[in-house]
Each structure stands twice: as C-alpha cells, then as structure tokens.
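Residue-level structure breakdown
Each chain is listed here by its residues.
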Amino acid sequence: MQTDTYRHKGMRRALVKQLREKGIRDERVLAAIETVPRHYFFDKAFLEQAYQDKAFPIGEGQTISQPYTVAFQSELLQLRPTDKVLEIGTGSGYQCTVLLQLTPNVFTIEYKRALYEKARIFFKKHGLNPHTFHGDGSQGLPTYAPYDKIIVTAGAPIVPKELLRQLAVGGILVIPVGNEQSQKMLRITRVAEEEFTKEEFTDFKFVPLLGRSGWDGGM
Ligand code: SAM
C-alpha cells in the first residue's frame, strides 16, 4: 500500500519551489504538481528519484516526463475546468493525473499495451477516471473529437494533420517537434476553422512519438 507522508509532501513542496524558480508561473499547475504524489508512479526503491526534477525509466524503453516538462506543457495548455483534453502518450499516467486536477474530462491514449494496462490499473486503484485507450495517438482519437486541448508527450517529426483536424476552434495543441535528439515545444492555436497560429518555445528531449505520423510511420 502506498502512503503519502509529511516527508513526501515536503519533497513535493521543494520540487514546486524549484519549478517556480525555473519560471513556471501558473499557480493552478503548481498546485496540481504539489497535490499529485509522484512517488506513486515509482517503485519504492526509487523514492528519492521521484522528487528530483528528472525523467525516469518506466519500462518498455519509455520514461515518466521530467516534472518541469509536465509543468511547462500543462501551463501552455491554459486549461479551464470545462475543457475536454486529449493526451497522447499515457506512459506512467503522471501527466494525466496532473491534468485531472485541472479538468475532469481527460482522454488519454497509449501505444504500448503493457503501459496502457498498467496505467489503467493505476487509475482504477486511485479512484481516477480518465478515458483510457490503447492505440496510435499520432492519429489522435477521432471518435471523441473535437478537443479543446491536445497535449503530445512524445517527440514528433511533424505536426500530424489529424491532430489539427481534431482541435476545436479556439483549441490549443501543445506538441514537441524536431529530430530524435531535440524537439522544440510548439503551441498551435486553431483561431478559426481554417486558421492556425504557431508559437515556438525552448528545446526539450522526449522519447520518440511512434505510429503512423511518428518515427515509425508507414511500418
Ligand atoms: N505522459 C507520460 C507520463 O506522464 O508518464 C509520458 C510518457 S513518455 C515521455 C511518452 C509516451 O508516449 C510513452 O509511454 C510512449 O509509449 C507513448 N507513445 C509514443 N508514441 C505514441 C503514439 N503514437 N500513441 C500513443 N502513445 C505513444
């Protein structure tokens, strides 16, 4: 049974202080990070790593994103409590759990079956209710579109057209795009049916987006 003690809470407060120092300003995002016990996503042996501002392996060659990255992407989304959100790359479920503190309506899709199953069990055990899917999120999740916000948590070679199509007018897509070594964080806003604006932020290093519009496209 996992417990959330004063020590863990103290470690989270220290992490949030670091995120603030690194430039995260959205108080709701910072509060969400302070609320979610990140150590629940780690084996007990790695407690110390859970509250370092670092990515960490979660199996299947994938990682739980660095807290700064989670905070940065969440901040760019400008989430409102009524937003319908699609997350591509459930992974450990941590980013999804942070999003759930900001809006209850989260759809999340994972490519690797073992991670999808593990995250699904995690959510159930902790009374969390995102809509979970197994499949190729590089094509979005058309059945439930449009989304007010879409967040991609793996590095993409291009901005998949399917994701643009599944954005509501006024909606925001946050996606890291680049090569396999480094990706620029983009925020794309659908300002009208046929009109999008693009903002570029700093470089990050994500695991690759897989699937048809990802790095193994066409295979
Ligand atoms: N949001 C995750 C978290 O909080 O742990 C981050 C996980 S990791 C940085 C990126 C995830 O994207 C991996 O679990 C990977 O399997 C998944 N992924 C890669 N390509 C995908 C695709 N086409 N569709 C869905 N998930 C994908």
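What you see is a predicted model; the values in this text were computed from it and never measured. (Residues numbered from 1 in each chain as written. Predicted model: local features only at pLDDT ≥ 70, side-chain atom pairs only at ≥ 80, totals over all residues. Heavy atoms only, no water.)

As a further point, take the UniProt feature "active site" (unreviewed entry) in the protein chain. UniProt marks Ser-65 with the feature "active site" (unreviewed entry), using the numbering shown here. Considering the arrangement of structural elements, one finds Ser-65 in the loop between strand E2 (62-64) and helix H4 (67-77). With a relative accessible area of 17%, Ser-65 lands in the buried category. Leaving out residues up to four positions away in the same chain, Ser-65 has contacts with Arg-38, Lys-54, Ala-55, Val-70 and Phe-206. (UniProt positions renumbered as here; feature names shortened; annotations may be inferred. Helix = DSSP H or I, 4+ residues; strand = E, 2+ residues; numbered from the N terminus. Buried < 20%, exposed > 50% of the residue type's maximum accessible area, 1.4 Å probe, protein only. Contact = heavy atoms within 4.5 Å.)

Taken together, the neighbourhood of the ligand is formed by 28 residues, with Gly-89, Ser-92, Glu-110, Gly-137 and Leu-210 sitting nearest. Here an oxygen atom of the ligand and a side-chain polar atom of Glu-110 are 2.6 Å apart. With respect to the ligand, the backbone of Leu-210 contributes an N or O atom lying 2.7 Å from a nitrogen atom. In isolation the ligand has 590 Å² of accessible area, and contact with the protein removes 100% of it. Among the elements that make up the shell around the ligand, the one with the highest residue count is E2 (3 residues). When its residues are assigned to classes, the shell around the ligand shows 11 nonpolar, 13 polar and 4 charged. (Near = heavy atom within 4 Å. Polar contact = N/O pair within 3.5 Å; in protein donor to acceptor, adjacent residues only side chain to side chain. Areas by Shrake-Rupley, 256 points an atom, 1.4 Å probe, with all protein chains shown as cover. Nonpolar A, V, L, I, M, F, W, Y, C, P; charged D, E, K, R; others polar.)

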